[in-house]
Every structure is written in structure tokens, then in C-alpha cells.
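Next come the chains, spelled out residue by residue.
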Amino acid sequence: FAGNLRELEKLGKSVFDLLLHVMATPQSSVTLLRTLGGSAHALDKFGASVFLNAAGNDLQHWGRVILTMMNSTELSVRAMSVDFFVSLLGGVYNERGSIDEVGLTFLTVLPEVVAREISLSSVSGLIKSIGDAETSLWPLRRALADVEDTNPIDDDRIDPQLIPSITTFCRTGQAIMDGVLVEIRLKGASEKIDLGKIAEAQLSRPSSGFHFAKLPPDAIFDADEESLLEAANFFSPQTSCPQKLRWLFALRDLHVAKRQWSEAAETLVLGAHSLITSLEHLTNIWRPNQFDLWNDERHSPWLKTLGHSVECNDVVMGFARSFLEPGGLFAKEQYAYTRQLSVRDVCSALNVVIDQIYLAYAEEEGMEDIAFAHFEELLGKISAAINNVNRRYHSEDINALRRVRALICSKLTPLTEHDIIGSPTRKRMDSAPDYRGGIYVRLSFCGNKPDFLKESTTIPTYFEWDSASICRVSVPTMTAAAVMKKKSKQETLEECICVAFAEPLVRAMKEKGTKTPIVVRTNTADETVDESKTYINVAVVQRMKVMSSASLKSRKFYLRNEGGITEFTVGHKFPYRTSRQRSLVKSQVKIVPR
């Protein structure tokens, strides 16, 4: 039986390799439709286990091809690729009990596929702005939505217990597509996309320090932070640490662009913990390699016909590869992502991350206690890794780990005396006496909803109408509030903070063509007085204060009003990796005079 199984896998490999080669070459929609049908038939006859064993490491190439077919403008090709993928997921789950292997592989190569689709449209003259790039991905978004809508009642290929895994896969896929677009925005592509410059910026991103990008004003309503964090949370440091870091660095860049230094530091802290966790699992970390049929003209002579020049494919794939892994993080040589990570690679990345954590906290006043707690925790973990008797490191690896420990100790020394050497860009908040840990506001919208918030957007809109969110006030907003307070002594500092926080929201609404009057209210009112007006309600909230350094992190916030105190509870303690969280629980405490 074992010999027959090996022969079956050899036969299956020949069949599936042929089908993959056909789908990877330019074909008519009829040919692609028939090839996808043949692939689905072969998958049904051979079975999912034989397919996975026959594909082996080429499963990533199947992911590239199937995801590319999902972005086809031909409805028949897109529908057939969705059907094949659903069959694959159902078969893998029925035979192996999990789709984690397929999900991890497909989502790892998805950024490269998305970037390649954008670059192919660009060299063909179809993309002139970031809006055109967003439009070019709508077929793939629709295909993922179709996969998510699969109903086990109507489709016997899908087990009902598989639905949560499919939902997670599809939502993470949508978040990754959002993330690629956010990264392109961060590289300055608000009006025109320059593939070469964006690829160069991507490859040099992690080791080049903080990049002060400029986001479009209307991006303030996008759930960009949440999309990047969702993409990072999917990947585990035990099996896919490079991909987790790839999205955490994108989230860091986004926070730096918004001057949200505490959130950038919290994101980097998660990256440091992921790197330390990966030390015990370096042999289990899978990294993708390049697809020869997309890169090598000896295998695919048709690559010379892409775009308007012979070098177009080099530009296309250079752009696509730059979105696969964070360039320069683990190694500087080209295609370094094809080799296995070493302890020294991880330590080198840790040194970069630790330096940037310190620099991020140095940009914001009053964060010494939180920074000290994080560095102390990292020191304990790296010391445990050095003293781990179950793991034998080479002398070079031990030296690299000790250098990381020495670097953390050097950062802890000034923190013990609450003395971070601030950067020249930091401005002290003398007018905000309780700035330690940050200032928070409760934000809600009510009244007339602008048209642009009613429409479907490429990146989902974060703020929900008539729903409160707790937001952390950034350093530039506090600076603007302090200036406002000096000019207008009649207004309180809290009112200035609320007005300064609402100004970008008002500006973005007006640039989006909102014609209705916009009213900013800095009191605790939430009711709609006039349905023809749009109300932005902003109020400073207070944290629960306990006599310990942990009091700087809190999930509960309080707002005083005429009837007493309203308590808001969020899902994660602030400061967090995102600057805003929706209020999950709201409770009212009435104060009765005696």
C-alpha cells in the first residue's frame, strides 16, 4: 500500500505540475476555465492529502496562481477559482482536521500577489493614482467574500465546524489587502504610483529608522490600524515570525506617520516578544521562495511581453517581492528570505527593535514607567533564553544574545531615574500636569450622516455612527491644544484638547464634500438636536488611578456628567497597539446627595 501511495503521489505531482504551469502562463479565459475545472477534477480524484504531498513546497505557487485567478475580471474564471479553493479547503479539513497549513501558505504569499496585480496594471498604463490601484483589487475582494459566504447547508464539501476557520482566513485576507494599500500610501503614493521608489522604500524600511510619511486627510476615518494589527495577529511567531514582523513594522510606520509614539512603541514591543519567542522554533519557521514561472525568462519566455518594454517584468517582480517580507530586517542580500533564520539573525533584528522602542518612548513625555516595565520584561525573557539548559547555543549565538541583554540593560539605566533623553522634536506639555500615560477622549458621531460614510469604502471605516470610542490623544494634538489654550484663556485645557482633536475630523469631512453644518460639542451630550446637522461629540475622560506604575495602563475610563459618572470599558488596556478602541461596556453611576 505504501508503494502504491508513493506511485500515486508521483503521478499526482506530474499532473498538478502540468496544470500549475498552464495556469501560470497567459491563456484565454476559456483555457483557464477548463484548466481550473481539470484541477478541481484531479483534486477530487487524487484527494487533498495526495495533493498536499505532491505539491510539497509548491503549495505556495498554487496559492499565487489561485489568488491571481481570483482577481480575474472574467466572472467565469473567478467563480471557478473560488470553487476550486472551496474544494481544497473542504478536502484538507476532512482529511487532516485543519486548514492551518493552506491558510498560512496562501496568506503569506497574498501581499506579493496583490502587489503584482497592482504593478501589472501599472505597467499596462491602467493605474494613474492610488484610487486606480484600489479599484484593480475589487475582483479579489469579491472572490474572498464569496469564499466567506460558503454555506454548509448548500455545499456538502464544507463541514459546519470549518466555517470559523474560513471566516478568519477571508477576513485576514481582506486585512492584508488593506495593509498593502496602506503601505503604498505610506510611501507617498497619494497621487501617482512610482513602482521603483516604493519598492526601494519597502526594502530599506526596518533598518532605516523612522520614516515620517504623510497620509491623505480622509485616511483619519479608515480602520487602517485595525487592519494591520489583524494581519499581524494571524501569524504566529513559532511558525511565521518574519510575516508577523512584516505587518508589525507596517503598523509602526503608520503610527509614526500619525505621530502616535506610544502606540508605535507598543507595536515594537510586541515585535520584540515575537522575536524572543521564535528563538525556540527557528527550525519550524517557514519562509517562501520566488516563483520561477513569474521570474525566470528561461522558464517563461512570455515574460518579455509584459508592459511596454523588455524590462517591465523586472520592475513588476521587484515591486511584488518587496511586499513579501520586510527587506533588510534579517539579511541585506537579495532573496535572503529563502534561507532559514539563525539566532544571530534574530538577535540582530532584536537590537534594531529595542533601539526603536527606546526612541519611540523618548518622543513622548511621561512614558518612563511603562517603558521601564516593558524593558524589564524583555530582559527577563532574554535572560531566560540565555540560561535555557534545554537549548544548546553556539558560542557566537550566546555572544549575540548577551549583546541583546547588554543593550536592554543600557536602556534600563536612564529609566531607573525617569530620565529618557528626549529627541529634539519633542515638546514638553507644561500646561498638561497629568500627561503621564497620555490623555484620552470619548468620541462619538450623531445627527446627519455624511454621504461618504454611507458608501462602501476600500479600507473599512472605523468609526460607527451613534457609537462611542475611546481614543488616545496624540502628541501633535496636545501641542495644538496647548497653543490654543495660550491664545484663549477663557476656554479650559480640556475644551482646547477636544477642539484640537476634532479639527482633523472636521477638515476631512469638508474635503470629502460634506455640505451639512458640522457642530463640535465638547460637553457630555450625545443627543441629536437638529437632524440636518452633523455632530462630533468629544469629551476628555479620566483613567482609574491606582498607586502603582500599572495605573498608567487602564481599560476603564470615567466621564463626569450632570447625573453622576459614566464608566466606559474597552477590550485592551491603553496604551495599546491601536490609538482607539470601541467602548464595549457602558455603565452609569448616579450620585445621590445625602
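Predicted model only: the values in this text are computed from it and were never measured. (Residues numbered from 1 in each chain as written. Predicted model: local features only at pLDDT ≥ 70, side-chain atom pairs only at ≥ 80, totals over all residues. Heavy atoms only, no water.)

## Some words on the overall build of the chain
Tallying secondary structure elements over the chain gives 21 helices and 8 strands in all. Burial statistics for the chain: of 594 residues in total, 56% are counted as buried. For the chain, the proportion of contacts with a sequence separation of at least 24, taken over those separated by at least 6, is 72%. With an accessible surface of roughly 26400 Å², the chain has 52% of that area assigned to carbon and sulfur atoms. (Helix = DSSP H or I, 4+ residues; strand = E, 2+ residues; numbered from the N terminus. Buried < 20%, exposed > 50% of the residue type's maximum accessible area, 1.4 Å probe, protein only. Contact = heavy atoms within 4.5 Å. Areas by Shrake-Rupley, 256 points an atom, 1.4 Å probe, with all protein chains shown as cover.)

## Points about the pattern of salt bridges
Taken as a whole and assessed by the stated rule, the structure comprises 25 salt bridges. A salt bridge links Asp146 to Arg142; the shortest N-O distance between them is 2.9 Å. Placement of both Asp146 and Arg142 in helix α8 (residues 138-148) is noted, with a separation of 4 residues, approximately one turn of the helix. You can call Asp146 partly exposed: its relative accessible area is 32%. (Salt bridge = Lys/Arg side-chain N within 4 Å of Asp/Glu carboxyl O.)

## Some words on the state of the cysteines
What makes a disulfide is a covalent bond joining the sulfur atoms belonging to two cysteines. Under the definition given, this model contains 0 disulfides. Cys496 takes part in no disulfide bond, and the closest cysteine sulfur, belonging to Cys498, lies 9.2 Å away. (Disulfide = S-S within 2.5 Å.)

## With respect to the packing of helix α5 (residues 75-96) against α8
At a minimum axis separation of 10 Å, α5 and α8 run at an interaxial angle of 40°. Between α5 and α8, the angle falls in the class oblique. Remark: the crossing between α5 and α8 carries right-handed chirality. Contacts from Arg78, Val82, Phe85, Val86 and Leu89 in α5 reach Pro139, Arg142, Ala143, Asp146 and Val147 in α8. Its residues assigned to classes, the contact of α5 with α8 shows 7 nonpolar, no polar and 3 charged. (Axes fitted to C-alpha atoms, helices over the stretch in contact; angles between N-to-C directions. Parallel < 35°, antiparallel > 145°, perpendicular 65-115°, else oblique. Left-handed = near helix turned anticlockwise from the far one by under 90°. Nonpolar A, V, L, I, M, F, W, Y, C, P; charged D, E, K, R; others polar.)

## Focus: the environment of Arg560
If you trace the backbone, Arg560 turns up in strand β5 (residues 554-561). With relative accessibility at 64%, the residue Arg560 sits in the exposed group. Distance in space between the C-alpha atoms of Arg560 and Val541 is 8.1 Å, their sequence separation being 19 residues. Beyond its immediate sequence surroundings of up to four residues, Arg560 is in contact with Thr524 and Ile565.

## Points about the packing of helix α6 (residues 100-123) against helix α15 (residues 312-321)
The contact between α6 and α15 brings their axes to 8 Å, and the two run at 150°. Regarding α6 and α15, the two cross each other, and that crossing is right-handed. Between α6 and α15, the residues in contact are Glu112, Ala115, Arg116, Ser119, Leu120 and Val123 and Cys312, Val316, Met317, Phe319, Ala320 and Arg321, respectively. Counted by class, the contact of α6 with α15 contains 8 nonpolar, 1 polar and 3 charged residues.

## A look at the nonpolar core
With 151 residues, the main nonpolar core has Trp62 and Phe85 as its most contacted residues. Considering every element that reaches this core, the biggest residue donor is α6, with 12 residues. If we ignore the near neighbours within four places in the chain, the residues touching Trp62 are Phe16, Leu19, Leu20, Met23, Ser39, Phe51, Ala55, Phe84 and Phe106. The next biggest cluster of nonpolar side chains, apart from the first, holds 30 residues, and it includes Ile439, Cys496, Val506 and Val538. (Core = buried A, V, L, I, M, F, W, Y, C linked by side-chain atoms within 4.5 Å.)

## Details of the environment of Leu88
Note on placement: Leu88 falls in helix α5. For the pair formed by Leu88 and Phe51, sequence separation is 37 residues and the distance between their alpha carbons is 9.1 Å. Excluding residues that lie within four positions of it along the chain, Leu88 makes contacts with Leu43, Phe51, Val102 and Phe106.

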